[in-house]
Amino acid sequence: MTDYGHELRFGTFLPVEAATAGETLRLAVLTEELGLELTSVQDHPYQARFLDAWTLLSVIAAQTSTLTVFPNVANLPLRPPAVLARAVASLDVLTGGRVELGLGAGAFWDAIAGMGGDTRTPGAAIEALEEAVRVIRALWSDERSARLDGTHYRLRGAHPGPPAAHPIGIWIGGVKPRMLGLVGRVADGWLPSAPYVPPPQLDEANRRIDVAAAGAGRDPRDIRRLYNVVPGQAPLDGPPKLWASQLADLALGQGMSTFILMVPNGGDAELRRFALDVVPEVRDLVAAARAGTAMPGALEAPDAAMPGAQEAPDAAMPGARKAPDAVSQVVAVGAEPRAVTVWDESQRPTGPGPDPDKPLTAAQRASGQHLVEVHNHLRQELEQLRDLVEQVAAGAVDVGDARSMINTMTMRQNNWTLGTYCESYCRVVTTHHTIEDVNLFPRLRAADPRLVPVVDRLEAEHHVIADVLERVDAALVAMVSRPDGITAVREAVALLSDTLLSHLAYEERELVEPLGRLRIL
């Protein structure tokens, strides 16, 4: 677990097309109105249809009063570092300290050459970037003159200034091992994008940065970890509550403390959802974990969590151990569960039981409550899915009664809605299991060897659930061409319900106490 303790910050990555300049400015103002702290734009000076990044950032800064602006990231080969240093410091002065510097080594070398810039090999590009950081820092210093004799850049008695209004951070964007080493040696922050460095790869990348920082005599905690994220892609897939859970996990487990939402033109809905529904909950989850307390309004015991809620099926098995009372186990309420046929529950191993002489503290229980909160979201979504299947079934009867063409169109819309919803839900479940397999389970195995059989079984069940999700997909495809296709969908969703509810209950029964005791989450 790696939490560098940085203050959480949230912002946007805005479009830069000249044809929609007004829309970009409107989204920047909306970013500020919604309470986010930063906004950024890409820098591709060779793109004729794009606005110049520094001109755009200057106008955005002039139209806002609290928003920090930065390039995401500045194109070094076409931005001489000595001039860039003065431009950044000047805008920082004019805005009262609202500028940071995202910096990149360069890409699209043919386009850069077309603009008169130098083309560089990967090694030379990294070397030039490291020299550029030295140039920029020298011109931000309080020395009388700056000298640097590099291979790519030189200073020969240049006078530093103007003094910036605040200590400006240099955040480097890069994903390859040598770039990560450079981040560790010289940068104030690391700025990757989720499509290029998905969540499962963050741990190894952070490790490389930390090793390089320690080797350079730096504290890895001094390097801020930022993350450009895309709605609909991990870690922002599923509903807002899952977005918040995943971002909090990344903050507490991977040290990512600044999340930048990539917003398209017309992306008001995504931006509002992020700012109003996700950001406050991420802040609360991280604050509660750092304080070692439960979230306000955290889940209570089963009978208080949901009127009429049933105890999870697996917890009622003869001789089964129940999860601690402070954690709720809510199952979908509706159709009676059927027998699970994809595995034998009697073969599930059991891990170490709780020590009655060492009850969990409130801070320790928060870890288990967080896991169950994520699970309860899946249970609630599963119940909605089952309800939606019954709505589609009702539509099928109408078609059988020879309803009009309008009713047929409605039926088609119902089919489309069901397919989209199921597809989205299946993706959420798969993402949750992937996060556990890659991050949580290895830590549990290492922290307590007695949990190895349980974790191995849980991981194997994830593969079984993936197969069940495939059955749902197959039933949805068949539903389009088969009059009785809704029956197959019902059966597939019922099997998914049985399987998933059983698995979630088993996981909570076995892991809630160890998560608190070992402080894994």
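What you are looking at is a predicted structure, and each value in this text was computed from that prediction instead of being measured.

(A) Spatial organisation of the overall build of the chain. When its secondary structure is counted, the chain shows 14 helices and 11 strands. For the chain, the proportion of contacts with a sequence separation of at least 24, taken over those separated by at least 6, is 79%. Surface summary for the chain: the accessible area is close to 22600 Å², and the carbon and sulfur share equals 55%.

(B) Up close: helix α14 (residues 485-518). Under the 1.5 Å per step criterion, the end-to-end length of α14 is 47 Å for 34 residues, consistent within 8% with the ideal 50 Å. Of all the bends in α14, the greatest reaches close to 40 degrees and is centred on Leu 511; the proline Pro 514 follows between one and four positions later. Burial within α14 is extensive, with 28 of its 34 residues counted as buried.

(C) Structural detail: the packing of aromatic side chains. Counted according to the given criterion, the structure contains four aromatic pairs. For Arg 225, the ring lying beneath its charged end belongs to Tyr 4, and the centroid distance is 4.0 Å.

(D) Representation of the nonpolar core. In terms of nonpolar packing, the biggest core is built from 84 residues, with Leu 101, Leu 103, Ile 172 and Phe 274 touching the most fellow members. For this core, the element with the highest residue contribution is helix α5 (residues 122-139), accounting for nine residues. If we skip the residues at most four places from it in the chain, Leu 101 touches Trp 54, Phe 70, Pro 71, Ala 74, Leu 84, Val 88, Ile 136, Trp 140, Ile 168, Gly 169, Ile 170 and Trp 171. Listed in part, the 19 residues of the second largest apolar core include Leu 382, Ala 488, Val 489 and Leu 495.

(E) Broad picture of the pairing of strand β3 (residues 68-71). What you see with β3 is no split at all: Thr 68 and Phe 70 on one side and Val 69 and Pro 71 on the other are buried throughout. For strand β2 (residues 38-41) and β3, the ladder comprises four bridges, and the chain directions are parallel. Within the sheet, the bridge partner assigned to Ser 40 lies in β3 and is Phe 70. Once the chain exits β2 it traverses helix α2 (residues 53-62) before rejoining the sheet at β3, and the crossover so formed is right-handed.

Cut-offs used in this document
Residues numbered from 1 in each chain as written. Predicted model: local features only at pLDDT ≥ 70, side-chain atom pairs only at ≥ 80, totals over all residues. Heavy atoms only, no water. Helix = DSSP H or I, 4+ residues; strand = E, 2+ residues; numbered from the N terminus. Contact = heavy atoms within 4.5 Å. Areas by Shrake-Rupley, 256 points an atom, 1.4 Å probe, with all protein chains shown as cover. Expected span 1.5 Å × (residues − 1). Bend = angle between axes of the 7 residues up to and from the residue. Buried < 20%, exposed > 50% of the residue type's maximum accessible area, 1.4 Å probe, protein only. Phe/Tyr/Trp six-rings, centres within 6.5 Å; stacked < 30°, edge-to-face > 60°. Lys NZ or Arg CZ within 6 Å of the ring centre and 35° of its normal. Core = buried A, V, L, I, M, F, W, Y, C linked by side-chain atoms within 4.5 Å. Pairing = 2+ DSSP bridges. Right-handed = clockwise from strand over helix to strand, strands pointing away.

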